[in-house]
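# Reading the structure
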Amino acid sequence: MQEDAEATAIGNAIASISEDFPDVPHGRIVDLVRTEHAWFDGRPIRDYVPVLVERRVRGQLRASLQLVGQ
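Residues numbered from 1 in each chain as written. Predicted model: local features only at pLDDT ≥ 70, side-chain atom pairs only at ≥ 80, totals over all residues. Heavy atoms only, no water.

## Details of the nonpolar core
Counting 14 residues, the largest nonpolar core has Ile14, Ile17, Ile29, Val33, Val53, Val57 and Leu61 as the members making the most contacts within it. Leave out the neighbours within four places in its chain, and Leu61 touches Ile17, Phe21, Val24, Arg28, Ile29 and Leu32. (Core = buried A, V, L, I, M, F, W, Y, C linked by side-chain atoms within 4.5 Å. Buried < 20%, exposed > 50% of the residue type's maximum accessible area, 1.4 Å probe, protein only. Contact = heavy atoms within 4.5 Å.)

The following block contains the structure:
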């Protein structure tokens, strides 16, 4: 995946997560995505990085919301 396409996909992931988790501050979502995205730095295969980042962040948010709801 080219850098421009990856950056666009990461931006789309942020927008999608923000839409699905409207009670989570946008800045927190951006920080989580950046942290997860940085984990993949230096990895040679980039095609699925945006999807993996989005899944990991969604999982973190679901888990944190379940803890709050207990």
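## Notes on helix 1 (residues 3-20)
Taking 1.5 Å of rise per residue, 18 residues should cover 26 Å, and helix 1 covers 26 Å from first to last C-alpha, within 8% of that figure. Regarding helix 1, the residues found buried are Glu6, Ile10, Ala13, Ile14, Ile17 and Ser18. Take helix 1 and look down its axis: the buried residues cluster within an arc of 130°, on one side only. Exposed residues on helix 1 whose side chains face more than 90 degrees from its buried face are Asp4 and Glu19. (Helix = DSSP H or I, 4+ residues; strand = E, 2+ residues; numbered from the N terminus. Expected span 1.5 Å × (residues − 1). Arc of directions from axis to C-beta.)

## Considering a nonpolar patch on the surface
Together, Tyr48, Val51 and Leu52 make up an exposed nonpolar region whose accessible area comes to about 290 Å². Within the element layout of this structure, Tyr48 appears in the loop between helix 2 (26-39) and helix 3 (49-69). Classification of Tyr48 as exposed rests on a relative accessible area of 58%. (Patch = residues over 30% accessible without salt bridge, like charges linked within 9 Å, V, L, I, M, F, W, Y side chains within 5 Å. Areas by Shrake-Rupley, 256 points an atom, 1.4 Å probe, with all protein chains shown as cover. Salt bridge = Lys/Arg side-chain N within 4 Å of Asp/Glu carboxyl O.)

## Considerations on the packing of helix 1 against helix 2
Helix-helix packing: each pair is described by the crossing angle between the helix axes and the interaxial distance. At their nearest, the axes of helix 1 and helix 2 sit 10 Å apart, and the two run at 140° to each other. When the axis of helix 1 is compared with that of helix 2, the two are oblique. Pair helix 1 / helix 2 crosses with right-handed handedness. Where helix 1 abuts helix 2, its residues Glu6, Ile10, Ile14, Ile17 and Ser18 lie against His26, Ile29, Val30, Val33 and His37. For the contact of helix 1 with helix 2, the residue count by class is 6 nonpolar, 3 polar and 1 charged. (Axes fitted to C-alpha atoms, helices over the stretch in contact; angles between N-to-C directions. Parallel < 35°, antiparallel > 145°, perpendicular 65-115°, else oblique. Left-handed = near helix turned anticlockwise from the far one by under 90°. Nonpolar A, V, L, I, M, F, W, Y, C, P; charged D, E, K, R; others polar.)

## Some remarks on the pattern of salt bridges
Proximity of charged atoms lets side chains of opposite charge pair with each other. In this structure the tally under the stated criterion is 4 salt bridges. Between Glu36 and Arg56 there is a salt bridge; the shortest N-O distance is 2.4 Å. Linking Glu36 in helix 2 with Arg56 in helix 3, this pair joins segments that are 20 residues apart in sequence. Counted as one network, the salt bridges with shared partners bring together Asp20, Glu54 and Arg58.

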